[in-house]
Amino acid sequence: MIGSCGLNCLQCEAYLATQEDNDDMRAEVAKKWSVQYKSDIRPEHINCDGCLSKGRKFFFCQDICEVRKCCIEKEIAHCALCDMYLCDKLQNFIEQAPVVGKALEKLREQCVS
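Before going into details, it helps to say that this report is about the structure given with it. (Residues numbered from 1 in each chain as written. Predicted model: local features only at pLDDT ≥ 70, side-chain atom pairs only at ≥ 80, totals over all residues. Heavy atoms only, no water.)

One non-glycine residue, Glu 75, lies in positive phi territory at about 60°. Position of Glu 75 among the secondary structure elements: in the loop between helix H4 (66-74) and helix H5 (88-96). We classify Glu 75 as exposed; its relative accessible area is 72%. Phi is positive for Leu 86, which is not a glycine, with a value near 70°. Positionally, Leu 86 belongs in the loop between H4 and H5. A relative accessible area of 39% means that Leu 86 is categorised as partly exposed. (Helix = DSSP H or I, 4+ residues; strand = E, 2+ residues; numbered from the N terminus. Buried < 20%, exposed > 50% of the residue type's maximum accessible area, 1.4 Å probe, protein only.)

Written as structure tokens, this is what we have:
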């Protein structure tokens with residue numbers, strides 16, 4: 001399951017904690033992400049079934065993520081499929097989470113091949 005930003009939801013710590021319904025994992029992820037993203041993330045925020053699922057979503061993905069909103073608006077699965085690839089919106093997101101850029105580059109290679 002690939003998210004709008006190109007990350008594999010099946011490897012996401014929030015997704016894994018949710019699927020395992022593991023409160024200890026939620027607490028670890030919240031602590032780590034609070035430091036990493038300089039935000040107040042609490043264990044109860046760590047509930048996600050994948051950003052493109054009809055189920056629960058991490059609050060950032062649900063309410064804030066401009067990348068997800070853009071992909072939904074353009075009716076594309078992820079940014080690697082976009083004809084405006086590496087727009088300012090995406091570039092800003094990659095600056096915050098460089099792993100996203102690497103994931104999207106791999107997806108673009110697969111889409112072109």
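Every buried residue of helix H1 (residues 13-20) is accounted for by Ala 14, Tyr 15, Ala 17 and Thr 18. All buried residues of H1 lie within an arc of 165° about the axis, which places them on one face of the element. Among the residues trailing H1, Asp 21 stands out with phi positive, at a value near 50°. (Arc of directions from axis to C-beta.)

The geometry of an aromatic ring pair comes down to the distance between the two centres and the angle between the two planes. By the definition in use, this model includes 4 aromatic pairs. Here the aromatic rings of Trp 33 and Tyr 37 are separated by 6.3 Å at their centres, their planes lie at 80°, and the arrangement is edge-to-face. By relative accessible area, which is 11% here, Trp 33 ends up buried. Taking the relative accessible area as the measure of exposure, Tyr 37 reaches 33% and is therefore partly exposed. Here the aromatic residues Trp 33, Tyr 37, Phe 58 and Phe 59 are joined through ring pairs into a cluster of three or more. For Arg 108, the ring lying beneath its charged end belongs to Tyr 85, and the centroid distance is 3.9 Å. (Phe/Tyr/Trp six-rings, centres within 6.5 Å; stacked < 30°, edge-to-face > 60°. Lys NZ or Arg CZ within 6 Å of the ring centre and 35° of its normal.)

For the rest of this paragraph, the subject is the pattern of salt bridges. Taken as a whole and assessed by the stated rule, the structure comprises 6 salt bridges. A salt bridge links Asp 23 to Arg 26; its shortest N-O distance comes to 2.8 Å. Placement of both Asp 23 and Arg 26 in helix H2 (residues 23-36) is noted, with a separation of 3 residues, approximately one turn of the helix. Judged by its relative accessible area of 55%, Asp 23 is exposed. (Salt bridge = Lys/Arg side-chain N within 4 Å of Asp/Glu carboxyl O.)

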